[in-house]
Amino acid sequence: MAILGFLVHTVEDASPAVENSMKQFEEITTYGIHEDCYVVAVADTPQPELETLLERVKALDGVITCYVTSLSLEDELQE
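Residues numbered from 1 in each chain as written. Predicted model: local features only at pLDDT ≥ 70, side-chain atom pairs only at ≥ 80, totals over all residues. Heavy atoms only, no water.

1. Digging into the state of the cysteines
The condition is simple: Criterion for a disulfide: a pair of cysteine sulfur atoms at a distance within 2.5 Å. Partly exposed describes any residue whose relative accessible area lies between the buried limit of under 20% and the exposed limit of over 50%, with all areas from a 1.4 Å probe on protein chains only and scaled to the type maximum.
Under the criterion given, the structure shown has 0 disulfides. Free cysteine: Cys37, not disulfide-bonded; nearest cysteine sulfur from Cys66 at 13 Å. Assessed through its relative accessible area of 18%, Cys37 is described here as buried.

Take a look at the structure:
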């Protein structure tokens, strides 16, 4: 599995609703809201599915974009 750390930039006041929507994604864990407009998240999913997952998050109401903060592929490289 790939482990992706990312921030989800939201429009003003949308962060709580976006975070609640993201909690429905099985492969995502959220870690709260930073500076009122960023949802802090980590995804654990196969590397080929990362781009699709980020596109699904970007499609949520209130999301401006996603910023990747870290990516680990070590587990996949060992398989």
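Additional details are given in the paragraphs that follow.
2. Comments concerning the nonpolar core
Stated precisely, the cut-off is as follows: Definition of nonpolar core: a set of buried residues of the types Ala, Val, Leu, Ile, Met, Phe, Trp, Tyr and Cys, connected through side-chain atoms within 4.5 Å. By the criteria applied, helices consist of DSSP H or I runs no shorter than four residues and strands consist of E runs no shorter than two, each listed in order from the N terminus. Only heavy atoms enter the contact rule, under which two residues are in contact if any of them lie within 4.5 Å.
Counting 19 residues, the largest nonpolar core has Phe6, Val8, Val18, Met22, Ile28, Val57 and Leu60 as its most contacted members. Put simply, the parts of the chain that give this core at least two residues each are strand S1 (2-10), helix H1 (15-22), strand S3 (38-45), helix H2 (50-58) and strand S4 (63-72). Ignoring any residue separated from it by four or fewer positions in sequence, one finds Val57 in contact with Phe6, Val8, Met22, Phe25, Ile28, Val63 and Cys66.

3. Looking at the pattern of salt bridges
Two side chains carrying opposite charge are able to pair once their charged atoms lie near each other. The condition that has to hold: Salt-bridge detection follows one rule: a side-chain nitrogen of Lys or Arg within 4 Å of a carboxyl oxygen of Asp or Glu.
By the definition in use, this model includes 2 salt bridges. Linking Arg56 and Glu27 is a salt bridge whose minimum nitrogen-to-oxygen distance equals 3.7 Å. Linking Arg56 in helix H2 with Glu27 in the loop between H1 and strand S2 (28-34), this pair joins segments that are 29 residues apart in sequence. Between Lys58 and Glu55 there is a salt bridge, with the nearest N and O atoms lying 3.6 Å from each other. Highlighted residues: Lys58 and Glu55, both in helix H2, separated by 3 residues, approximately one helical turn. When its relative accessible area of 32% is taken as the criterion, Lys58 is described as partly exposed.

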